[in-house]
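An overview of the molecular structure
Chain by chain, the residues:
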Amino acid sequence: MNKFRDALYRFMYGRNGVDALNWALVILELAVSILSSIIRVQGVSQALYFVSMVLMFTVLIRIFSRNLARRQAENAKFLTWWTPKANAIRGAKARRADKAHKYVRCSCGAYCRVPKNIGKVELTCPKCGKKRVVKT
Ligand SMILES: [Zn+2]
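Residues numbered from 1 in each chain as written. Predicted model: local features only at pLDDT ≥ 70, side-chain atom pairs only at ≥ 80, totals over all residues. Heavy atoms only, no water.

1. Digging into the side chain of S45
Among the secondary structure elements, S45 is positioned in helix α3 (residues 44-64). Residues contacting S45, with those up to four places away along its chain left out, are S36, I39 and R40. (Helix = DSSP H or I, 4+ residues; strand = E, 2+ residues; numbered from the N terminus. Contact = heavy atoms within 4.5 Å.)

Structure follows, in structure tokens:
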């Protein structure tokens with residue numbers, strides 16, 4: 001088994017491997033292939049199956065690619081698009097989990113955190129300085 005692992009390491013040396021974009025493509029591929037098995041419309045399900053195959057081959061080509069500069073540039077492009085969305089999702093999750101505070105969205109887009117159950121408070125936005133009265 002060690003011999004196999006060493007051979008795999010040697011084979012993968014200098015290749016792109018699995019990066020964030022590949023993970024995203026795998027998830028997309030799974031979603032599309034599940035859709036293609038759920039949708040039982042002639043033509044649509046075949047088209048989705050084809051799309052999932054294309055995605056799968058794209059992932060395989062990206063994993064074994066030796067053109068690291070291009071693969072890394074693609075991954076960086078993907079991450080600049082995805083990271084703000086991932087942060088927004090993470091932030092929303094954290095706000096929902098926090099039962100001790102109320103989150104007030106300011107018109108400038110900032111979230112202001114106020115302790116719950118303290119009555120009316122005047123809130124000053126730390127980002128734009130706008131004042132407003134909030135019930136907590
Ligand atoms: Zn503000």
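2. Description of the nonpolar core
Counting nine residues, the largest nonpolar core consists of V104, C106, A110, C112, V114, V121, L123, C125 and V134. Of all the secondary-structure elements, those providing two or more residues to this core are β2 (111-115) and β3 (120-124). Among the nonpolar cores identified, the runner-up in size contains eight residues, and V32, L55, V59 and I63 belong to it. (Core = buried A, V, L, I, M, F, W, Y, C linked by side-chain atoms within 4.5 Å. Buried < 20%, exposed > 50% of the residue type's maximum accessible area, 1.4 Å probe, protein only.)

3. Observations regarding helix α2 (residues 20-38)
For α2, spanning 19 residues, the distance from its first C-alpha to its last is 27 Å, which sits close to the expected 27 Å at 1.5 Å a residue. Structurally, α2 contributes buried residues whose contacts are with α3 and α4 (68-97). (Expected span 1.5 Å × (residues − 1).)

4. Quick notes on the packing of α2 against α3
Contact pair α2 / α3: the axes reach a minimum separation of 8 Å and the direction vectors enclose 160°. The angle between the axes of α2 and α3 places the two elements in the roughly antiparallel class. Helix-helix and strand crossings are classified by hand; for α2 and α3 the assignment is left-handed. Together, L21, N22, L25, V26, L28, E29, V32, S33, L35 and S36 of α2 and S45, L48, Y49, V51, S52, L55, M56, T58, V59, R62 and I63 of α3 make up the contact between the two elements. Taken together, the residues of the contact of α2 with α3 sort by class into 13 nonpolar, six polar and two charged. (Axes fitted to C-alpha atoms, helices over the stretch in contact; angles between N-to-C directions. Parallel < 35°, antiparallel > 145°, perpendicular 65-115°, else oblique. Left-handed = near helix turned anticlockwise from the far one by under 90°. Nonpolar A, V, L, I, M, F, W, Y, C, P; charged D, E, K, R; others polar.)

5. Let's talk about the coordination of the zinc ion
Those donors, C106 (SG), C108 (SG), C125 (SG) and C128 (SG), are the protein atoms that reach the zinc ion, and they lie 2.2 to 2.3 Å from it. Seen from the zinc ion, its four donor atoms lie at angles of 106 to 112°, and the figure they make is tetrahedral. Sequence spacing of the donor residues for the zinc ion, all on one chain, is C-x1-C-x16-C-x2-C. Of this pair, C108 sits in the loop between β1 (101-105) and β2 while C125 is found in the loop between β3 and β4 (131-135), placing the two residues 17 residues apart along the sequence. With relative accessibility at 4%, the residue C125 sits in the buried group. (Donors = N, O, S within 2.8 Å, 3.2 Å for Na, K, Ca; no water. Tetrahedral: all angles 85-135°; square planar, octahedral: opposite > 155°, others 65-115°.)

6. Topic: the pattern of salt bridges
Using the criterion set out here, one finds three salt bridges in the structure. Among the salt bridges present, the one from R62 reaches E74, with a minimum N-O distance of 2.8 Å. In this pair, R62 sits in helix α3 while E74 sits in helix α4, placing the two residues twelve residues apart along the sequence. A single salt-bridge network, built from bridges that share partners, covers D19, R62, R71 and E74. (Salt bridge = Lys/Arg side-chain N within 4 Å of Asp/Glu carboxyl O.)

7. So, the packing of aromatic side chains
Under the definition given, this model contains three aromatic pairs. Here the aromatic rings of F11 and F64 are separated by 5.7 Å at their centres, their planes lie at 55°, and the arrangement is tilted. Taken together, the positions of F11 in helix α1 (residues 2-12) and F64 in helix α3 put the pair 53 residues apart, joining distant regions of the chain. Residue F64 is classed as partly exposed on the basis of its relative accessible area of 36%. By way of ring pairs, the aromatic residues F78, W81 and W82 are connected into one cluster. A cation over a ring is seen here: R15 above F11, with NZ or CZ 4.1 Å from the ring centre. (Phe/Tyr/Trp six-rings, centres within 6.5 Å; stacked < 30°, edge-to-face > 60°. Lys NZ or Arg CZ within 6 Å of the ring centre and 35° of its normal.)

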